[in-house]
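One-letter residues, chain by chain:
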Amino acid sequence: MNAADLPALNIAELQLLLRRREISPREVLEALQSRIAEVEPRIEAYLSIDFDDAVKHAERTDVSLPLGGVPIAIKDIISVAGQPCTCASKILRNYRALYDATIIRKLRAAGAIPFGKTNMDEFAMGASTENSSVKFTRNPWDISRVPGGSSGGSAAAVAADTAFGALGTDTGGSIRQPAALSGVVGVKPSYGRVSRFGLVAFASSLDQAGPLTKTVRDAAMVMNAIAGADPQDSTCLNEAVPDYAADLGRDLRGIRLGLPKEYLIEGIDPRVRAAIDQAVAHYDSLGAEIIDVSLPHTEYAIASYYMIASAEASANLARFDGMRYGHRAENPRNLFDHYGRTREEGFGPEVKRRIILGTYVLSSGYYEAYYARAQKVRTLIRRDFAEAFANVDALISPTSPVPAFPLGERSADPLQMYLADVFTNAANLAGICGISLPCGFATMENGTQLPVGLQLLGKAMDETRILQIAHAYEQSTEWHRRRPPLETGNFQRPTSNVQH
Ligand code: GLN
């Protein structure tokens, strides 16, 4: 195989060639390096890349392992020993991780090679990657648009074939939504399925890490490697990990798919709606039974999510005080000046907004009215899902109400940005699992084709089921074979009035 064609392979295809020793892990890294040199200036998905370190690991890797020799890109909120871990924040600009997160250790044990850290919204707060303090990442399908967020760098890298697969994190949609907007597969595991040891915490009752990949099988392969108990994370459940990849091939006859009526609301882009309707019809033709269900508290999910996520963020981000990690203000007058200026200089506007919102909803006098009430709503949302899952195996919906939006279009309006998660954040509140996979394209006025994502939600710890349902769809359609039109034409940076 021609080295220039390697980066277009998915993980399963690549691993087969490695295992047969038709290529070496080092050749794979070299092919990836030239692809990145060619494409990355247009996409800007990476914050740091360390090929020398990757080559060192590649030389020792055992290609007969499940991910033996496969390079994986890592969101810059996950610790990789010796590598920067900045969360795309100025406050951690010079910080390097001292140890591997458990999921990195597990990836390495499966033979994978972490080689680069991807761009993201600062501390994972956002839905477009525009809140990165470093740079914008561009959507490979149209570089004037966002890749989604907060794991936008991971999604864009996989879509642009500058990563075979990537890890992201999802607190309210940050794996699924960028997967949808960038045309790749993204899995948010159930709460407790994957260890968070070594991840920088955003909202501890919601955060989960998971894969972004080119196919459902690849996502299952990465899940096999990263899922499972961890004595260093007490929130990680001590339950056996199924072989997700081996269990993929179940047919769909008799499967019951719930269509939540609250998720097919006005405000969904008609092109997204059309793709979802077609996907539902396709599932019907595969033998699945489509059942109307109701999740009556859906309309309160966003409000409840932003209270709880911000409250938890305000507590988690208290550790960035200039003492132990990262940026430190110069010549402080006293301790308070030190804290105040360190945080003033180190955090970007969205992070400050969340901390202020979070401390407000937790403060005495407002606690009952906001935070405690949001927790009650959370219970109702959990119950909605429990009732729906009594009748169906999985729920089906759009991942995002709109395709990728232009850079700058929503960044001035936080509320508009928060609405990007309207179909995703209830799953985090309920602790259930979800996947987004490509299900069609929206043709824009200028003829550009943008990917549309289909979301499947499953019961807690029922990842096997949603992966099977996703796989059956993917394998009987062609959407996952389309690649973004990055090769055509001469690249010109789009002129926009967006300033960073
Ligand atoms: N967009 C949501 C937020 O800004 C979700 C982010 C995430 O899942 N990390 O909080």
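Here the structure is shown first, and the text comes after it.
Residues numbered from 1 in each chain as written. Predicted model: local features only at pLDDT ≥ 70, side-chain atom pairs only at ≥ 80, totals over all residues. Heavy atoms only, no water.

## Here's the deal with the overall build of the protein
Then, in step 1: Along its length, the protein carries 15 helices and eleven strands.
Then, in step 2: Compactness check: the protein gives a C-alpha radius of gyration of 21 Å against a globular reference of 23 Å for 500 residues, within 12% of the reference.
Then, in step 3: Taking the principal axes of its C-alpha atoms as reference, the protein extends roughly 65 × 55 × 50 Å.
Then, in step 4: Within the protein, the proportion of its 500 residues that are buried is 63%. (Helix = DSSP H or I, 4+ residues; strand = E, 2+ residues; numbered from the N terminus. Rg over C-alpha atoms; globule rule 2.2 N^0.38 Å. Buried < 20%, exposed > 50% of the residue type's maximum accessible area, 1.4 Å probe, protein only.)

## As for the site of the ligand
Then, in step 1: Contacts to the ligand come from 15 residues, most closely from Thr171, Gly172, Ser174, Tyr305 and Arg354.
Then, in step 2: The contact in question runs from an oxygen atom of the ligand to an N or O atom on the backbone of Gly126, over 2.8 Å.
Then, in step 3: Considering the ligand on its own, with 290 Å² of exposed area, one finds that the protein chains cover 100% of that surface.
Then, in step 4: Of the pockets mapped on this structure, the ligand occupies the largest cavity.
Then, in step 5: Partitioned by chemical class, the residues of the shell around the ligand number six nonpolar, six polar and three charged. (Near = heavy atom within 4 Å. Polar contact = N/O pair within 3.5 Å; in protein donor to acceptor, adjacent residues only side chain to side chain. Areas by Shrake-Rupley, 256 points an atom, 1.4 Å probe, with all protein chains shown as cover. 1 Å grid on protein atoms, 1.4 Å probe; cavity = no way out; pocket = protein on both sides within 12 Å on 5 of 7 lines; lining within 4 Å. Sits in = over half its atoms within 2 Å of the grid points. Nonpolar A, V, L, I, M, F, W, Y, C, P; charged D, E, K, R; others polar.)

## Details of the packing of helix α7 (residues 216-226) against helix α15 (residues 463-475)
Any two packed helices are characterised by how steeply their axes cross, that is the angle between the axes, and by the distance between the axes.
Then, in step 1: Across the interface, α7 lies against α15 with an axial gap of 9 Å and an inter-helix angle of 155°. As far as their axial angle goes, α15 and α7 are roughly antiparallel. The handedness of the crossing between α7 and α15 comes out as left-handed. On α15, the residues that touch Val216, Arg217, Ala219, Ala220 and Met223 of α7 are Glu463, Leu467, Ala470, His471 and Glu474.
Then, in step 2: Class assignment for the residues of the contact of α7 with α15 results in six nonpolar, one polar and three charged. (Axes fitted to C-alpha atoms, helices over the stretch in contact; angles between N-to-C directions. Parallel < 35°, antiparallel > 145°, perpendicular 65-115°, else oblique. Left-handed = near helix turned anticlockwise from the far one by under 90°. Contact = heavy atoms within 4.5 Å.)

## Brief notes about the packing of helix α8 (residues 270-285) against α15
Then, in step 1: Two numbers describe how α8 lies on α15: the axes approach to 11 Å, and their chain directions differ by 100°. Here α15 runs roughly perpendicular to α8, going by the angle between their axes. Within the contact between the two elements, α8 uses Ala279, His282 and Tyr283 and α15 uses Ile469, Ala470 and Tyr473.
Then, in step 2: When the residues that make up the contact of α8 with α15 are grouped by side-chain class, the tally is five nonpolar, one polar and no charged.

## Some words on the sheet that holds strand β4 (residues 165-170)
Then, in step 1: The mixed open sheet is built from eleven strands, whose spatial order is β1-β3-β2-β4-β6-β5-β10-β11-β9-β7-β8. Both edges of this open sheet fall to β1 (46-49) and β8 (289-293), since each of them pairs with a single strand only. In this sheet, neighbouring strand axes are inclined to one another by 30° on average, regardless of whether the strands run parallel or antiparallel.
Then, in step 2: Examined bridge by bridge, strand β5 (residues 185-188) and strand β6 (residues 208-213) share two bridges and lie antiparallel to one another. Of the residues in β6, the one forming a bridge with Val185 is Thr213.
Then, in step 3: Across the sheet, helix α3 (residues 51-60) is in contact with β1 and β3 (113-118); its angle to β3 comes to roughly 160°. (Pairing = 2+ DSSP bridges.)

## Digging into empty space enclosed by the protein
Then, in step 1: The final tally for this structure, using the stated rule, is five cavities of 30 Å³ or more.
Then, in step 2: In this structure, the largest cavity encloses a volume near 90 Å³.
Then, in step 3: Contributing to the lining of the largest cavity are 17 residues, with Ala124, Gly126, Gly172, Ser174 and Tyr305 lying nearest its centre.
Then, in step 4: If you list the elements that add at least two residues to the lining of the largest cavity, you get β4 and α9 (301-316).
Then, in step 5: In this structure, the second largest cavity encloses a volume near 70 Å³.
Then, in step 6: Lining the second largest cavity are Ser48, Ile49, Asp50, Asp53, Ile74, Val80, Gln83, Pro114, Phe115, Gly116 and Lys117.
Then, in step 7: Broken down by secondary-structure element, the contributors of at least two residues to the lining of the second largest cavity are β1 and β3.
Then, in step 8: Here the residues of the lining of the second largest cavity are counted per class, giving five nonpolar, three polar and three charged. (Points joined across faces, edges and corners; volume = space filled by probe spheres on them.)

## Describing a nonpolar patch on the surface
Then, in step 1: A surface patch of nonpolar side chains, amounting to about 280 Å² of accessible area, comprises Tyr360, Tyr366 and Tyr370.
Then, in step 2: As for its placement among the helices and strands, Tyr366 is situated in the loop between α11 (349-362) and α12 (368-389).
Then, in step 3: A relative accessible area of 36% places Tyr366 in the partly exposed class. (Patch = residues over 30% accessible without salt bridge, like charges linked within 9 Å, V, L, I, M, F, W, Y side chains within 5 Å. Salt bridge = Lys/Arg side-chain N within 4 Å of Asp/Glu carboxyl O.)

## Considerations on helix α1 (residues 11-19)
Then, in step 1: Taken as a whole, α1 has its buried residues at Ile11, Leu14, Gln15, Leu17 and Leu18. One side of α1 carries all its buried residues, which in axial view fall inside an arc of 160°.
Then, in step 2: Looking at the packing, one finds that the buried side of α1 touches α2 (25-43), β2 (71-75), β4, β6 and α7.
Then, in step 3: The opening residue of α1 is Asn10, an N-cap whose side-chain oxygen sits 3.1 Å from the backbone nitrogen of Ala12.
Then, in step 4: After α1 finishes, the residue Arg21 shows a positive phi value of roughly 60°. (Arc of directions from axis to C-beta.)

## Points about the pairing of strand β11 (residues 449-458)
Then, in step 1: Most of β11 sits inside the fold, with nine of its ten residues counted as buried.
Then, in step 2: With five bridges connecting them, strand β9 (residues 394-398) and β11 associate as antiparallel partners. By the bridge assignment, Pro398 is partnered in β11 with Leu454.
Then, in step 3: Across nine bridges, strand β10 (residues 433-443) lies against β11 in antiparallel orientation. Counted as the bridge partner of Ile435 is Leu456 from β11.
Then, in step 4: Here β10 hands over to β11 after five residues, with Gly447 in that stretch at a positive phi of 95°.

## Notes on the pattern of salt bridges
Then, in step 1: Taken as a whole and judged by the stated rule, the model has 26 salt bridges.
Then, in step 2: Linking Arg196 and Asp233 is a salt bridge whose minimum nitrogen-to-oxygen distance equals 3.6 Å. Residue Arg196 is found in the loop between β5 and β6, and its partner Asp233 is found in the loop between α7 and β7 (256-260); the two are separated by 37 residues along the sequence. The same class applies to Arg196 as to Asp233, namely buried.

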